[in-house]
Structures are given as structure tokens and as C-alpha cells.
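# Report on the structure
Each chain, letter by letter, is given below.
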Amino acid sequence: MPVVSLRDVSKVYPATTKGGDPVVAIEGVSLDVEAGDVYGIIGYSGAGKSTLVRLMNALERSSSGEILINGQDIARLPESKLREVRLGIGMIFQQFNLLNSRTVAGNVSYPLEVAGRPKAERRARVAELLEFVGLADKARAYPDELSGGQKQRVGIARALATQPSILLADEATSALDPETTHEVLALLGRINREFGVTIIVITHEMDVIQTIAGKVAVMDQGRVIERGDVFDVFSDPQHPASARFVGTVVKGVPSAAELAVLRARHPGRIVTLSFRDAGVDQQALFGELARAGVAFEVIYGGINEIQGRPFGHLTLSLTADDAVVDDVLDRIRELTTVTEVR
Amino acid sequence: MDALIDLTPQLWTAAGETLYIVGLTLLFGGLGGLLVGLGLYLSRAGNILENRTVFTVLNVLVNFIRPIPFIIFLAAAQPLARAVVGTGIGNPAIIFTISLAASFAMGRIVEQNLLTVSPGVIDAARSVGASPIRIIFTVLLPEALGPLILGFTFIFVALVDMSAVAGYVGGGGLGNFALLYGYRQFNPVVTWAAVLLIIVLVQLVQFLGNSLARKALRR
């Protein structure tokens, strides 16, 4: 059974101006997140991804559809009944949202107070959590004395306080520099592996998905336009918007403009070889080119590794007689996908 | 000067009365202001207890009552004072009326201060299952404490100002003292003595408010 399951969920905001059209933030989204997944949801700002994640702990209420958390539909649950549900779902935020009037320890303790845990238990749990996120020495500091990365680690400790089985990360690294981003992502990875917490990561950075997620859903204009294993979406994006996201981290196939520049510089025939998974024997492939006496130059692309599986695109410029090139390309086509750009 | 020396006991009595009026109105008006301000904040569109009717009613009340010059409000609210505290004159009536006016004035200040609390922090509290009432006491008020203290300090000056007209409805205090013994008896020295006491009082409270606010903001 999925831990989070959305069935045909929509969220419509009333028109912002009188007589205007209502704003559809989420339109008919269905999504299953299995226990133990790190599930990425990526989209440009305004795509509806933040709204979607806020529906999962009912910070916002859906207009229609079912939102099943561990099998229980929370979509129509009254606010007063949501407390139990929310205790099982941690959330971290882009702006950290720490209580400035409380110390680090006070912030981490807050959910435990809401949950009505006794003081001794709270103290022990707070110490344990601060140890885990590496901030034991900052227990008595106030949030405004911390760096962004430290604040987010406090946010993570707070979100984990009640030992939730689900963690929602709403653009949790978007306010952090790249190095701190990787520290925080590494921490989230540990939480997933060591505690088996299901993590749902909202982001507009494909790099975050590549680093941490196992599955991904791509959102555009309130809809999920593509979903699947991160490897599949990265190596073979189906939707143009997905391809654009993948393009931000993976140098794949050259665009028309880039191609024009390449062609001006390289007189040979230009082909793109696609590598997907370990199935492609690169040695054999380049061996064919060498044996046929085709001179080649790699002019674009790269090989990436997602979840330990390599993939990528290499664009080559081949210089030899046309017949020789045709012949060798036929043999290479048996090994992998070849796209010739004429 | 001799007149002032003769009037010293009355001056101290008047100062005591001003403290009494201002102290009680700060308490009642402050609580009323917190309620009105919280009401405005919580019922505002998009907030945790969104309620258009409550917001509109409070908003209109605040906007109507705030600009009425206090001396006119004092006269106009006399029947209400009589109904609530049993008398339309004297210190009880003035305390009631100032508290009422201050509730609405303070309400707006409280609302503005609460609006400075980041909505994200409220989200964070909601996300761990905190109820609205818990959010008010453990998030909203503590997070806005610094500005709220400054707001109360600000309203304190307004209370001293309002208390000065207490004499018109038979109340006491430094305002009454200055008018009765200074102004009407052509003795400016007596008036200035009242002025001096009020300046000292306000400065003390301002200093206290500032230092408490600094402590709350840890700056």
C-alpha cells in the first residue's frame, strides 16, 4: 500500500478579482508514493508543486479528489482531526520557518510539546535529534545566530521530532548555497536509509532530484506531465518540459542553435550516440569506428551516472568517405541508438 | 511657587490618580486591544480562523472609533459607561471609557504587530499539529512580543493623554490638577509642575518599554 496516494486531486482558488476566472492550481493529479521512497516533484515556479505538497498534510485543503495518507483519506477531515495525521508527517521549508523566540532546543522540542510528551522524554529526544543533525553544541543558540544550513538542520530535527514516517521537503534547499545544499541532501538521504522515512522532495532544481530521488514526477501548469524512475526520466524524457529540466544538469543533444555553431566548426558528419544503462559496450562501439578508419571527434555531450547507472549522449563529428561512414553507422546501430544530424 | 508648595499633597494625590487610571486602563485596554487585534488578525482572509463577517465588523468598529476625539467619545459613551460600571462620572467611568477607546486603538497596533510574524512560522506550527489556540499562545504572541511591548509603550502615552480630561467627568489625575489649580487660578508654575511629572512618568515608561522590547528581541 502506498503511504501517500493522491487520486484525481484538484485545487482551485477563487478568482482574485471580481468576475475573473478561478485559478486552477492543481488539476486532476494522481500520484502514489511507496514506503521508503525518496520521491521528487519538480516543476517551475507556479507549476503547483508547493500547493501539491501542502495538500499532503492539509496545510491547504483540496477542492476535490482523495488524499490517502497510510490509507486514510484526509481530504475531507476536519481541522481538529488532523492533529494525529500531522504528527506522522514532518515538514521542512525553504525559509526554515523556525521560531525566533525559541532556542534551537526549544524549536526541536515544539512538536513534542504539541504531542503532549512529558518533559524528560522531550529533553532526551531533543538531545538525540541535535546529535543526529550535528548541532548538539548549538542547543541554546537562537535561530538568528545560525547559518542557513544550520537553520535547515534544526528544521529537519524539528520535523523528525515525533518520529514521522513521512517527511515533506518544500524547496528545502532552494535558499542554500550549492555546498550546503549537498550537506542537507546527504542528511535527508541518511534519514531515508537509517530510519526508513519516506521523503517527498519538492524542488525546481534537477540537481536535487539527481542527487537524492529515486522516483520523480514532473509538474507543469498544475498537472503531472511525466513520472517514473529518475533514471528513466533522465535518460529518456518524454515531455518537452521534462527534457528542459533534464537539460539543466545533463548535457544531452545539442539544440538547433548549438548545432549551427558546431557545424560551422566541424566539417564532418555529425551523429549523436545515445548511451543508456550498462547495456552499451563503449569499447566495442569505438572499436568499430577505429577499425573502419573513421577519424572522430567528440564535440558535444557527456556521460552521467544516475543511481549508479550510466547514461548520456555523445555527439561526434566523423570524417571519412560517406560510404565508409554509412557502413560503420549501420554496425553501430546494432549496439545503440544513433541519430544523424544532417 | 508658594502656591505649589501648598499644593504638594494634592499634586502627589493627582499623580497617584493618574497612575491608577493609566495603570488600570493599560490593563483593561491592553487586554481589549489584544482581543481586538487577535480578532482582526485571525479572521483576516487567508489566516487560521478566516471569517469575513468578524473581520468586517471589527475593522469597521476600529475605523469608526479610532478617529473620534477622545473628549467627544467620553461624552458620547457616557450612557454605556453608566450601563456597564454603574456610573457616568468619576474615575470608574473614565477608566471604562479610556479602556474602550484604547482597545480599538491598541487593536490596530496589535494587528499590525502580528502581521509581522512570518506566515511560514504559522505553517510550521500547523504542520506539527498545533491547534489555533496553541498557535496564538506559543507562536503568535511570543514571536511578536518585542513589537507588542513597543506598541504597549506607545499606547501608554495615549492613555496619559486621554486621562488628562478625566476632570470633565469628575475624575482626578494630573490633568485635572493642572486645570483646577494651575490654569483656572492663573498659576502657570503649578501647571508646569504637572507637566514635569508627566514628562518624567512617560520617560520612565518609555525607557522601561524599550529595554523590555530589547530583551524580547535579544538585540
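Residues numbered from 1 in each chain as written. Chains lettered and ligands numbered in written order. Predicted model: local features only at pLDDT ≥ 70, side-chain atom pairs only at ≥ 80, totals over all residues.

A residue-level look at chain B finds 100% of positions with pLDDT of 70 or above and a mean pLDDT of 93. Listed scores for the predicted complex are pTM 0.87 and ipTM 0.86. (pLDDT = per-residue confidence, 0-100.)

Turning next to the pairing of strand E13 (residues 309-319) of chain A. Residue and element names in this part refer to chain A. Of the strand pairs in this sheet, strand E11 (residues 269-276) and E13 are connected by eight bridges, and their pairing is antiparallel. Paired with Thr 272 across the strands is Thr 315, a residue of E13. Note that strand E12 (residues 295-306) and E13 share 11 bridges and pair antiparallel. Residue pairing across strands places Ile 306 opposite Arg 309, the latter belonging to E13. Connecting the antiparallel pair E12 and E13 is a turn made up of two residues, with Gln 307 showing a positive phi of about 50°. (Pairing = 2+ DSSP bridges. Helix = DSSP H or I, 4+ residues; strand = E, 2+ residues; numbered from the N terminus.)

This part takes up the environment of Asp8(A). Residue and element names in this part refer to chain A. Checked against the element boundaries, Asp 8 lands in strand E1 (residues 4-13). Residue Asp 8 is classed as exposed on the basis of its C-beta count, with 12 C-beta atoms lying within 10 Å. Look past the residues within four positions of Asp 8 in its chain and what remains in contact with it is Gly 28, Ser 30 and Gly 65. (Buried ≥ 20, exposed ≤ 12 C-beta atoms within 10 Å, placed from the backbone. Contact = placed C-beta atoms within 7 Å.)

Residue and element names in this part refer to chain A. The strand order across the open sheet formed by four strands is E2-E1-E4-E5, and the pairing between neighbours is antiparallel. Of all strands in the sheet, those with a lone pairing partner are strand E2 (23-33) and strand E5 (72-73), marking the two edges. Two strands pair when backbone bridges link them, and E1 and E2 are joined in this way by seven bridges, in the antiparallel orientation. The residue bridging Val 12 from the neighbouring strand is Val 24, located in E2.

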